[in-house]
Amino acid sequence: MRVILVGLGSLGQGFLDHLVTRSDELRDRYGLRVKIVAALDTSGAVVQPAGVDPAVLVRAKRTPGGLSNLQPSFRPGRRALEIIHTVEADAVVEVTPTNILDGEPAMSHIRGSLKAKRHVVTANKGPIVLAMSYLAALAEEQGVLLRFSGTVGGGTPMLDLARLSLRGDRVLEIAGILNGTTNYVLTRMGEGLEFDAALQEAQKLGYAEANPKYDVEGTDAAIKLTILSNWVMGAKLHVTDIATRGIESIIHAEVERARAQGQVIKLLARYDGKRARVEPELIPASDSLNVPGPLNAVTYTTEDLGAVTLIGKGAGGRETSSALLRDLIDIHLQTK
Ligand SMILES: NC(=O)c1ccc[n+]([C@@H]2O[C@H](COP(=O)([O-])OP(=O)(O)OC[C@H]3O[C@@H](n4cnc5c(N)ncnc54)[C@H](OP(=O)(O)O)[C@@H]3O)[C@@H](O)[C@H]2O)c1
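Residues numbered from 1 in each chain as written. Predicted model: local features only at pLDDT ≥ 70, side-chain atom pairs only at ≥ 80, totals over all residues. Heavy atoms only, no water.

Peer 1: Before we go on, may I ask you to explain the pairing of strand β6 (residues 119-122) in this structure?
Peer 2: Each regular strand carries side chains that alternate between the two faces of the sheet. Of the two faces of β6, the one lined by H119 and V121 and the one lined by V120 and T122 are each fully buried. Where strand β5 (residues 91-94) and β6 come together, 4 bridges link them in parallel fashion. Among the inter-strand pairings, V92 is bridged to a residue of β6, identified as V120. The parallel pair β5 and β6, bridged by helix α4 (residues 106-115), forms a crossover whose chirality is right-handed. Two elements, β6 and strand β7 (residues 146-147), share 2 bridges in a ladder whose sense is parallel. Looking at β7, one finds that V120 is bridged to L146. As a crossover connection, the stretch from β6 through helix α5 (residues 125-142) into β7 is right-handed. (Buried < 20%, exposed > 50% of the residue type's maximum accessible area, 1.4 Å probe, protein only. Helix = DSSP H or I, 4+ residues; strand = E, 2+ residues; numbered from the N terminus. Pairing = 2+ DSSP bridges. Right-handed = clockwise from strand over helix to strand, strands pointing away.)

Structure follows, in structure tokens:
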């Protein structure tokens, strides 16, 4: 499969690392050979129609000078849309930064790729939260596939569990811890830290978003709840429909009081088909959503099975890029 990779940050590089370490398994188990025909960051594009070695690409990106080390394949200043339209490829992996105001530049990259009849894999929440149904319809119209399992839960397959493994059953309610930073902060507050100290620690450990306001005010969780509800339960929610309250006003004494009563405070995202909300809630310490540190968790309450809970790491370059690989394998298997 010929792939154009747009974005070479932690996910783009994680994806390339997976291609290096898993190439035999991809070939033997799935019959999938991934050929990176172009890769881009903000400096420009590397284009090699015969395929660039992912190990060489990732080494160049991590060396001073970046992609410009790869002469003569490097094309400085080249933009993704131009490459998407001119380089022959089967799929585009889009991992540029998330922008929830207008989805750009990813929105144009994804729309352009689908219009050019290229399958798309992304972990970018912006275009998916803003325009999931439009993009899904465009993909269908163009006869290509759009996959975005890394947008919620990082590498933990929250979307796939509900859409694939629970097929035939009916999800009645979604409740989840969808933001690792706030969960880490609340966990550390339960261990004695005040909010600011716990947040600083989360930032140092690389858990927080570039703008930690998105985490602590509940916006990131609201974005993910919107994607989950729309994809899993066929809702038609916008982020602004989610009643959202963050954790910024919680003090250590409240967390301590909850603990003394056998409870914990968690930032929970819930949708029951009517109301969608993200807010701090008191839950029993024995609840399956009481997961520690930066973990994410989701409980689907279904008509036949009752509660089904999935717990896992909700972010991280290596973890989330495994969702990109999973989506690409799925596209390969669906189209071969
Ligand atoms: N990291 C995670 O754990 C995680 C989890 C779930 C979802 N996501 C989502 O996945 C996406 C990628 O995340 P990340 O952590 O890999 O981000 P990142 O480290 O900030 O990397 C973004 C990459 O995109 C490149 N880029 C920016 N604008 C571009 C443009 N117009 N054309 C081509 N390349 C462009 C950047 O180039 P330069 O290298 O030149 O700056 C960089 O290589 C984001 O939307 C994020 O929200 C991430």
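On we go.
Peer 1: Looking at this structure, how should I read the sheet that holds strand β9 (residues 243-244)?
Peer 2: Sheet strands line up and pair through hydrogen bonds in the backbone, either parallel or antiparallel. Here we have 6 strands laid out as an open sheet, ordered β9-β11-β10-β8-β12-β13, and mixed in their pairing. The open sheet terminates on both sides in strands that have one partner only, identified here as β9 and β13 (306-313). As defined by bridge partners, strand β8 (residues 171-177) adjoins strand β12 (residues 295-302) across 6 bridges and the pair is classed as antiparallel. Along β12, the bridge assignment pairs V171 with T302. In the packing of helix α11 (residues 252-260) onto the sheet, contacts are made with β10 (263-271) and β11 (276-284), and the angle to β10 comes to roughly 100°. (Contact = heavy atoms within 4.5 Å. Axes fitted to C-alpha atoms, helices over the stretch in contact; angles between N-to-C directions.)

Peer 1: Whenever I open this one, the site of the ligand confuses me. Can you help?
Peer 2: Neighbouring the ligand are 23 residues, the closest being T42, K61, T96, T98 and G316. The side chain of T98 places a nitrogen or oxygen atom 2.7 Å from an oxygen atom of the ligand. Look at the ligand: alone it shows 910 Å² of surface, and the protein chains cover 75% of it. Those elements that place two or more of their residues in the shell around the ligand are α1 (10-30) and β2 (35-41). (Near = heavy atom within 4 Å. Polar contact = N/O pair within 3.5 Å; in protein donor to acceptor, adjacent residues only side chain to side chain. Areas by Shrake-Rupley, 256 points an atom, 1.4 Å probe, with all protein chains shown as cover.)

Peer 1: Before we go on, may I ask you to explain unusual backbone geometry in this structure?
Peer 2: Most peptide bonds take the trans form, and the phi angle of most residues other than glycine is negative. Residue P72 is reached from Q71 by a cis peptide bond, and omega for that bond is 5°. In this structure, P72 sits in the loop between α2 (54-61) and β4 (74-76). Look at the link from E104 to P105: it is a cis peptide, with omega at 5°. Structurally, P105 can be placed in the loop between β5 and α4. For K117, which is not glycine, the phi dihedral falls at a positive 60°. For K117, the position within the fold is in the loop between α4 and β6.

Peer 1: It is not clear to me how the layout of surface pockets should be interpreted in this structure. Could you clarify?
Peer 2: One way to see where empty space is left: roll a probe the size of a water molecule over the atoms. Its volume calculated, the second largest pocket comes out at about 360 Å³. What lines the second largest pocket is a set of 17 residues, among which R147, D160, L164, W231 and D330 lie closest to the centre. Broken down by secondary-structure element, the contributors of at least two residues to the lining of the second largest pocket are β7, α6 (158-165) and α12 (317-335). Counting residues per element, the lining of the second largest pocket draws most heavily on α6, at 6 residues. Among the residues forming the lining of the second largest pocket, the class breakdown is 7 nonpolar, 3 polar and 7 charged. (1 Å grid on protein atoms, 1.4 Å probe; cavity = no way out; pocket = protein on both sides within 12 Å on 5 of 7 lines; lining within 4 Å. Points joined across faces, edges and corners; volume = space filled by probe spheres on them. Nonpolar A, V, L, I, M, F, W, Y, C, P; charged D, E, K, R; others polar.)

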